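Below, each chain spelled out in residue letters.
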Protein chains: 2
Amino acid sequence: MDHGMTEQLNVQQMAEKLLAADNVLILCHKNPDGDTIGCGSALYYALSALDKTAAVLCSDTIPGRYAFTNPRLYKGEFEPEIVVAVDVASVQLFGENNGMPQFSRHVDLCIDHHAGNSGYAEYTLLDGHAAAAAELLYDVICAMGVDLTAHMANCLYTGLSTDTGCFKFSSTTARTHIIAAKLMEAGARVEELNTLLFDTKPRERMEAERIARNHLEYHLDGRCALIYLTRDEIEQSKVDPADLEELTGLPISIEGVKVGLTLRQQPGGSYRISVRTAKGVDACEIAKRLGGGGHTRAAGCELLGNLDNTKSAILAEVEAVLDAPQEGA
Amino acid sequence: MDHGMTEQLNVQQMAEKLLAADNVLILCHKNPDGDTIGCGSALYYALSALDKTAAVLCSDTIPGRYAFTNPRLYKGEFEPEIVVAVDVASVQLFGENNGMPQFSRHVDLCIDHHAGNSGYAEYTLLDGHAAAAAELLYDVICAMGVDLTAHMANCLYTGLSTDTGCFKFSSTTARTHIIAAKLMEAGARVEELNTLLFDTKPRERMEAERIARNHLEYHLDGRCALIYLTRDEIEQSKVDPADLEELTGLPISIEGVKVGLTLRQQPGGSYRISVRTAKGVDACEIAKRLGGGGHTRAAGCELLGNLDNTKSAILAEVEAVLDAPQEGA
Ligand SMILES: [Mn+2]
Ligand SMILES: [Mn+2]
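Given the structure is predicted, the values throughout are model-derived calculations rather than measurements. (Residues numbered from 1 in each chain as written. Chains lettered and ligands numbered in written order. Predicted model: local features only at pLDDT ≥ 70, side-chain atom pairs only at ≥ 80, totals over all residues. Heavy atoms only, no water.)

**Things to note about the overall build of chain A**
Within chain A one finds 11 helices and 12 strands. Pairs at least 24 apart in sequence give 66% of the contacts found in chain A among residues at least 6 apart. Summed over its atoms, the accessible surface of chain A is roughly 13,900 Å², and 48% of this surface lies on carbon and sulfur atoms. One finds the centroid of the 28 positive side-chain charges in chain A at a distance of 5 Å from the centroid of its 46 negative side-chain charges. (Helix = DSSP H or I, 4+ residues; strand = E, 2+ residues; numbered from the N terminus. Contact = heavy atoms within 4.5 Å. Areas by Shrake-Rupley, 256 points an atom, 1.4 Å probe, with all protein chains shown as cover. Lys, Arg positive; Asp, Glu negative; His and termini not counted. Charge placed at Lys NZ, Arg CZ, Asp CG, Glu CD.)

**As for the relation of the copies chain B and chain A**
What relates the pair of chain copies is a rotation about an axis plus a shift along that axis. Once chain B is rotated about the relating axis by 180° and shifted along it by 0.0 Å, it coincides with chain A to within an RMSD of 0.1 Å. Such values leave the two copies arranged in the relation of a two-fold axis. Take the interface residues of chain B: 100% of them recur as interface residues in chain A, which is what a same-surface contact looks like. (Least-squares fit on C-alpha atoms with pLDDT ≥ 70 in both.)

**Here we look at the domain arrangement of chain A**
Per the domain assignment, the segments making up chain A are domain 1 (7–198) and domain 2 (203–322). Inter-centroid distance (C-alpha atoms) of domain 1 of chain A to domain 2 of chain A is 32 Å. (Domains from an automatic or database assignment.)

**Comments concerning the coordination of the manganese ion (ligand 1)**
Residues and elements named next belong to chain A. Looking at the manganese ion (ligand 1), the protein donor atoms are Asp35 (OD), Asp87 (OD), His113 (NE2) and Asp163 (OD), and they sit 2.1 to 2.3 Å from it. The motif formed by the donor residues of the manganese ion (ligand 1), counted along the single chain, is D-x51-D-x25-H-x49-D. With His113 in the loop between strand 5 (109–112) and strand 6 (123–126) and Asp163 in helix 5 (residues 150–163), this pair connects stretches of sequence that are 50 residues apart. Asp163 matches His113 in its accessibility class, with the two residues each being buried. (Donors = N, O, S within 2.8 Å, 3.2 Å for Na, K, Ca; no water. Buried < 20%, exposed > 50% of the residue type's maximum accessible area, 1.4 Å probe, protein only.)

**A word on the packing of helix 4 (residues 133–143) of chain B against helix 5 (residues 150–163) of chain B**
Residue and element names in this part refer to chain B. Two elements in contact, helix 4 and helix 5, have axes separated by 8 Å at closest approach and are oriented at 150°. In terms of orientation, helix 4 lies roughly antiparallel with respect to helix 5. Between helix 4 and helix 5, the contacting residues are Ala134, Glu135, Leu137, Tyr138 and Ile141 on the first element and Met152, Leu156, Gly159 and Leu160 on the second. Looking at the contact of helix 4 with helix 5 residue by residue, the classes come out as seven nonpolar, one polar and one charged. (Axes fitted to C-alpha atoms, helices over the stretch in contact; angles between N-to-C directions. Parallel < 35°, antiparallel > 145°, perpendicular 65-115°, else oblique. Nonpolar A, V, L, I, M, F, W, Y, C, P; charged D, E, K, R; others polar.)

**Focus on the pairing of strand 2 (residues 23–27) of chain A**
All names here are of chain A. Strand 2 sits mainly inside the fold: four of its five residues count as buried. With five bridges joining them, strand 2 and strand 3 (residues 53–57) adopt parallel strand pairing. Paired with Leu27 across the strands is Leu57, a residue of strand 3. Once the chain exits strand 2 it traverses helix 2 (residues 34–49) before rejoining the sheet at strand 3, and the crossover so formed is right-handed. Sheet analysis places strand 2 next to strand 4 (residues 82–86), joined by four bridges and oriented parallel. Across the sheet, Val24 pairs through a bridge with Ile82, a residue of strand 4. (Pairing = 2+ DSSP bridges. Right-handed = clockwise from strand over helix to strand, strands pointing away.)

**A few points about the pairing of strand 12 (residues 298–303) of chain A**
All names here are of chain A. Because side chains alternate across strand 12, one face comprises the buried residues Ala299, Cys301 and Leu303, and the other comprises Ala298, Gly300 and Glu302, none of which is buried. As paired elements, strand 10 (residues 271–277) and strand 12 share six bridges and run antiparallel to each other. By the bridge assignment for strand 12, Arg272 is matched with Glu302. For strand 11 (residues 293–294) and strand 12, the ladder comprises two bridges, and the chain directions are antiparallel. Bridge pairing in strand 12 links Gly294 to Ala299.

**A word on the sheet that holds strand 3 (residues 53–57) of chain B**
Residues and elements named next belong to chain B. Taken in spatial order, the six strands of this open sheet run 1-6-5-4-2-3, and their pairing is parallel. Edge positions in the open sheet fall to strand 1 (7–8) and strand 3, since each of these has one partner strand only. Of the strand pairs in this sheet, strand 4 (residues 82–86) and strand 5 (residues 109–112) are connected by three bridges, and their pairing is parallel. Within the sheet, the bridge partner assigned to Ala85 lies in strand 5 and is Cys110. Most of the contacts of helix 2 (residues 34–49) go to strand 3, to which it runs at about 170°, and overall it touches strand 2 (23–27), strand 3 and strand 4.

**Details of the packing of aromatic side chains**
For any pair of aromatic rings, the description rests on two quantities: the centre-to-centre distance and the angle between the ring planes. All chains considered together, the criterion is met by 11 aromatic pairs over all chains. Residues Tyr74 of chain A and Phe103 of chain A carry aromatic rings whose centres are separated by 5.4 Å and whose planes lie at 85° to one another, so their mutual orientation is edge-to-face. On the criterion of sequence distance, the pair formed by Tyr74 of chain A in the loop between strand 3 and strand 4 and Phe103 of chain A in helix 3 (residues 101–104) is long-range, its members being 29 residues apart. Across the pair, exposure class does not vary: Tyr74 of chain A and Phe103 of chain A are buried alike. Ring centres of Tyr74 of chain B and Phe78 of chain B lie 5.0 Å apart, and the angle between their planes is 80°; this geometry places the pair in the edge-to-face category. Each member of the aromatic cluster is reached from another via a ring pair, and the members are Tyr157 and Phe167 of chain A together with Tyr157 and Phe167 of chain B. Of note, Lys17 of chain B hangs over the ring of Tyr123 of chain B, and the distance from its end group to the ring centre comes to 3.9 Å. (Phe/Tyr/Trp six-rings, centres within 6.5 Å; stacked < 30°, edge-to-face > 60°. Lys NZ or Arg CZ within 6 Å of the ring centre and 35° of its normal.)

**Points about the pattern of salt bridges**
For the structure on display, the rule yields 37 salt bridges over all chains. Note that Glu192 of chain B and Lys279 of chain A form a salt bridge whose closest N and O atoms lie 3.3 Å from each other. Note that Glu192 of chain B is positioned in helix 7 (residues 190–198) and Lys279 of chain A in the loop between strand 10 and helix 10 (283–288), a pairing that runs across two chains. With relative accessibility at 35%, the residue Glu192 of chain B sits in the partly exposed group. One salt bridge connects Glu192 of chain B with Arg189 of chain B, and the closest N-O pair in it is separated by 2.7 Å. Overall, Arg189 of chain B belongs to the partly exposed group, its relative accessible area being 49%. A single network of salt bridges, built from pairs that share partners, joins Lys201, Arg205, Glu209, Arg213 and Glu246 of chain A together with Lys201, Arg205, Glu209, Arg213 and Glu246 of chain B. (Salt bridge = Lys/Arg side-chain N within 4 Å of Asp/Glu carboxyl O.)

**A few points about the interface of chain B and chain A**
Taken together, the contact between chain B and chain A spans 39 residues of the former and 39 residues of the latter. Both sides of the chain B and chain A interface together cover about 3,600 Å² of buried area, and 57% of this is carbon and sulfur. Interface area lost by chain B to chain A is led by Lys168, Arg203 and Arg213 of chain B, which between them contribute 18%. Across the pair Arg297 of chain B and Glu191 of chain A runs a salt bridge whose closest N-O atoms are separated by 3.4 Å. Our enumeration of links across chain B and chain A arrives at 18 residue pairs in polar contact (both at pLDDT 80 or more). When contributions to the side of chain B that touches chain A are tallied by element, the ones reaching two or more residues are helix 6 (174–185), helix 7 and helix 8 (203–214) of chain B. Sorting elements by how many residues they give to the side of chain B that touches chain A places helix 6 of chain B first, with seven residues. Class assignment for the residues of the side of chain B that touches chain A results in 16 nonpolar, nine polar and 14 charged. (Buried area = accessible area lost by both parts, 1.4 Å probe. Polar contact = N/O pair within 3.5 Å; in protein donor to acceptor, adjacent residues only side chain to side chain.)

Written as structure tokens, this is what we have:
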């Protein structure tokens, strides 16, 4: 993996760089998730506890469910000595709004857990095995000698739990659980957070899911399940398209299904296809055959054409991959 | 809390009682869940590792998703010196099948985490703050000096994760996470287990959920959401009624909803109503007004009458409780 010209730091060295500055600007990634916001906020409060001036900058608005993290947002009121990015894998992910380009051009420090981090910062603390950047922020904040408050713990728990689907995803490690335990001991209110983060869905999301479930189809002797949403359906439900991401896990969660497909019609009319597979079936291989890509268990592609053509095209590739002789079999 | 005539033991004492016996019969509760099966299986393998004769007895068949735990099932092939119950709160929960009554009449040891345990056993290890009996079994197995195998860790992780909704329920503590970390270090294959336990739903369950979601209604200015399934719908979907339990969390998961209601028509025609509430609304108070009961956030009652009458009756009580002046307000 090429990590650019960055110099890798360990936790202690990163803590020292932060301790050396009086004015710190913290950058989050665009379309902010619980990890980047949780880390940015926790670091903001940790630096404030050390009587430093700090603020958070993000190209997009912080979603309502993360509003409780409540960091000071940067409005240009100080000249940062140090710019630090949290949970941002590459420069493209900073976005272009809120004056971000002025700062994302030169980033001093980066704390991240994406194995493919491009090494855009001058100094980087990178751990590709961490389930969330929040694991690293926990270490850095402790190394700075800050007493973790309940609010910092809430912020870091938000990063940890959202990036792991509440400790369900394969990225979860023993260390993830150990840090969760430390955050609970520091006063994280996990019952309220879990309700907020995992069990509070907008009505519009419920309506879109209802329609998608009514469209559930089984193909290839039940080895493939498919749901879809047309543009009209998405628009009529008034769902935030970001809230549809979660639906991609639905078809693959059905017993006996090896390939789960979710088709979402895009504003231009094409269908975006999300491919999820059971262990032993390569989602990326399926997506690649139609010009897409991704990971072994989660991949995607986009096809022009009407719903029937799109279904036929993807199902043909699913069948080809499912019926291909297994390697080593 | 009355815990009968039982003598309370600590972890070390419980381990010693088990170490003292050569032939051990392990009892699980009826309608077995991941905790009772996971604990029973882990204990079976731990005792076997000590060259003891052991077996598990359960009044009901072990559900397919827990089959991997694969304990030796008791067929009367040895005379137990000691009978130990795991995750069983009272004698009624043993059930009547598979020759259970012969052994449930006199239980020597009980390891449990239900605060209301009736104290039916001669000696009890009880921790009402444990999120799962698996937390206690972890301690007991370690105290017996057994090296935790990956399979024992898988069994205990099954108990831990199923009883906590994968670390989401309010019963989850820092200690739950610490034990999860230990189980992962011992080789628990949590990715496969989480897929099996949380992301594998029968087609029939999907069909029943589809119907229920089509019946979603909002009442009382969106403060109450309601879903229902008639007997015909339940039967036509061919769903295992046990698989419908999870649906009771659906209406309360909608933004702005304070009371979520799930109505399931029973074989006799009456409606079983599950009441789930947001923080600050007493589910038990609502259920009690109609002759039911339960906990603060989850309660239930059963009403005779057709669907419309049932809805009117429960909605009237929901409204009365929601509109009652708040204590201390
Ligand atoms: Mn992240
Ligand atoms: Mn239990």
